[in-house]
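Descriptive structure summary
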Amino acid sequence: MSEKTKAEQLKDHLCLNRKNGLLRVSDDCIEKAYAFCEDYKAFLNAAKTEREAVIEAVKLAESKGFVPFEEGQTYAAGEKVYFNNRGKTVAFAVIGTEPVENGLRLTAAHIDSPRLDIKPNPLYEDLELALLKTHYYGGIKKYQWTAVPLALHGVFALRDGKTVTVSLGEQADEPKFVVNDLLPHLASEQNKRTLNEGIKGEELNVLVGSRPFRDDKASELVKLNILELLFEKYGITESDFLSAELECVPAFTASDIGFDRSMIGSYGQDDRVCAYPALRAICDTENPRYTAMAVLTDKEEIGSDGNTGLNSAFLKYTVGDLCRMQGGDVTLALRRTKCLSADVNAATDPTFKDVMEAKNASYLNYGVCLTKYTGSRGKAGTSDASAEYVGYVRQLLDDAGIIWQTGELGRVDIGGGGTVAMYVANLGADVIDLGVPVLSMHAPFETTAKLDVYMCYRAMAEFCK
Ligand code: MN
Ligand code: MN
């Protein structure tokens, strides 16, 4: 091989070198990434809602020695506890050798995803078909949710205090549901609508039945037949919908994408693609110096408000519980905390690359993506991580040989978005967004790259150590 020229040597030394991660890692590393993603796909299939994600996460954590935190108990360094907030948000902690007051190593990802929520009074009959009214949850392109098979997940809270859990449409032999769209032959008027209005919110009605109850007198017999079936199966009546949380999610399962199987397609990867690595990383954390915590939160997709969102006092109270156990101070702990806000970024799509600024966009297979700030309209609505903190994380990733990249969410002023980072930052902690680039974000079927998922896990495991 010929000697490098002076210019080539200088370029190596001085210029930022971006290169496909698959060309930078060993085949063994790629095998590990593929293997990790087999577990990840199983998690995606088992946990399609925030409630199911909490159940699955707790199941895994308990098998690794985590126990529910009990007020008044003292936990020693190395012990593992968790805090379950209403079955929708959960925080896992491994107690450090340093006092909790000296700060935590916190990862925060969300386990809610865009979907169609069933309205409180949803069931109606029209033209002898039974349908459910929905109110979409999170930012969706509504037209994407028509003509795809849907499953129904959630709970009914009954008047007697019992809760009935529903999961219907996931198994091959189970019925599915669907929002129907207009055929193209008759869509000339609909086609004049803007894409945003192509399907309107009140047109997202889910078809749930067509067979009438056999009777000549009563009206709305299809609806009646559905209510009878629901009573038989779940013991519920129409009024029980009023105290229910039911979510329609795509009924398909996670699968490999591509001839080379290098990618994953699934519903709900925003943000389970970060939540699962965060969960695995905290489960693998043994005897850390600083208390490590992973919080898997609800309500990010609608602004993080509410008592299961990360803009609630849940995180502060949880860290407070750990501090109080040691006679420590929660405000000191929060101010000394370092956090990775683990959320997805938009990967550059070759078909839609115009929305990106290529030098500051993220790409599939370029590794886990570090995002200094999100927001929109001149960095509004974000936490802009300090240069010093970016420097800290950068060194951590480089020293561990983790493949990573940086990326902004699109070109300046083309749109934007937010994460939980600012809520953690507002508590005084250092925080930066770190997550996996996604194609078709918020669609019923989102795409990620296996190497990036694995690098997200490795980054978090290193951070929690
Ligand atoms: Mn997200
Ligand atoms: Mn999102």
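Residues numbered from 1 in each chain as written. Chains lettered and ligands numbered in written order. Predicted model: local features only at pLDDT ≥ 70, side-chain atom pairs only at ≥ 80, totals over all residues. Heavy atoms only, no water.

Focus: the overall build of the protein
Of the regular secondary structure elements, the protein holds ten helices and 21 strands. Taken over the C-alpha trace, the protein has a radius of gyration of 24 Å; the compact-globule value for 465 residues is 23 Å, and the two agree within 12%. Projected onto the principal axes, the alpha-carbon positions of the protein cover approximately 90 × 60 × 40 Å. By residue count, 52% of the 465 residues in the protein fall in the buried class. Taking as baseline every contact in the protein between residues at least 6 positions apart, the subset at least 24 positions apart corresponds to 76%. A total of about 22,100 Å² of accessible surface is found on the protein, and carbon and sulfur atoms cover 51% of it. If you average the places of the 52 positive and of the 67 negative side-chain charges in the protein, the two averages end up 3 Å apart. (Helix = DSSP H or I, 4+ residues; strand = E, 2+ residues; numbered from the N terminus. Rg over C-alpha atoms; globule rule 2.2 N^0.38 Å. Buried < 20%, exposed > 50% of the residue type's maximum accessible area, 1.4 Å probe, protein only. Contact = heavy atoms within 4.5 Å. Areas by Shrake-Rupley, 256 points an atom, 1.4 Å probe, with all protein chains shown as cover. Lys, Arg positive; Asp, Glu negative; His and termini not counted. Charge placed at Lys NZ, Arg CZ, Asp CG, Glu CD.)

Concerning the coordination of the manganese ion (ligand 2)
In the first shell of the manganese ion (ligand 2), the protein supplies D270 (OD), E301 (OE), E301 (OE) and H442 (NE2), at 2.1 to 2.6 Å from the metal. In this structure the manganese ion (ligand 1) is found 3.2 Å away from the manganese ion (ligand 2), and D270 serves as a bridging donor for the pair. Here E301 lies in the loop between β14 (291–297) and α6 (314–325) and D270 lies in helix α5 (residues 269–283), a separation of 31 residues in the sequence. (Donors = N, O, S within 2.8 Å, 3.2 Å for Na, K, Ca; no water.)

Quick word on the pattern of salt bridges
Pairs can form between side chains of opposite charge once their charged atoms are near each other. Tallied over the entire structure, the rule returns 28 salt bridges. Across the pair E98 and R289 runs a salt bridge, and its minimum N-O distance is 3.0 Å. Linking E98 in the loop between β3 (89–94) and β4 (104–110) with R289 in the loop between α5 and β14, this pair joins segments that are 191 residues apart in sequence. Residue classification places R289 among the partly exposed positions, given a relative accessible area of 46%. Among the ionic pairs, E189 bridges to K192, the shortest N-O distance being 3.1 Å. What emerges from the salt-bridge pattern is a single network uniting E38, K41, D256, R261 and K450. (Salt bridge = Lys/Arg side-chain N within 4 Å of Asp/Glu carboxyl O.)

With respect to the side chain of N225
Following the sequence through the fold, N225 ends up in helix α4 (residues 221–234). A relative accessible area of 13% means that N225 is categorised as buried. Excluding its chain neighbours within four sequence positions, the residues that come into contact with N225 are R211, P212 and F213.

Some thoughts on helix α3 (residues 50–63)
Between its terminal C-alpha atoms α3 stretches 20 Å, which fits the 20 Å expected from 14 residues at 1.5 Å a residue. Looking at α3, one finds that the buried residues are E50, E52, A53, V54, A57, V58 and A61. G65 occupies a position one or two residues after α3 and carries a positive phi of about 100 degrees. (Expected span 1.5 Å × (residues − 1).)

Side note on the sheet that holds strand β10 (residues 206–209)
The seven strands are arranged β8-β7-β11-β5-β6-β10-β9 in an open sheet whose pairing can be described as antiparallel. Two strands close off the open sheet at either side, each with one partner strand: β8 (163–168) and β9 (178–179). Pairing of strand β7 (residues 150–157) with strand β11 (residues 244–250) involves seven bridges; the strand directions are antiparallel. Considered in β11, the bridge of A151 is made with V249. (Pairing = 2+ DSSP bridges.)

So, the environment of F83
Structurally, F83 can be placed in strand β2 (residues 80–85). Look at F83 and you get buried, because its relative accessible area is 9%. A sequence separation of 212 residues divides F83 from V295, and the C-alpha atoms of the two residues are 9.1 Å apart. Setting aside chain neighbours within four positions, we find F83 in contact with F69, T89, V90, A91, F314, T318, D321 and L322.

A few points about the coordination of the manganese ion (ligand 1)
Of the protein atoms, only H110 (NE2), D270 (OD), D343 (OD) and D343 (OD) coordinate the manganese ion (ligand 1), at distances of 2.1 to 2.6 Å. Read in sequence order, the donor residues coordinating the manganese ion (ligand 1) give the pattern H-x159-D-x72-D. Given the relative accessible area of 2%, H110 is considered buried.

Let's talk about the sheet that holds strand β15 (residues 338–341)
The strand order across the open sheet formed by nine strands is β1-β2-β3-β14-β4-β15-β19-β17-β18, and the pairing between neighbours is mixed. Two strands close off the open sheet at either side, each with one partner strand: β1 (67–68) and β18 (404–406). Contacting β2, β3, β4, β14 and β19 (430–435), α5 crosses the sheet at an angle of about 150 degrees to β4. (Axes fitted to C-alpha atoms, helices over the stretch in contact; angles between N-to-C directions.)

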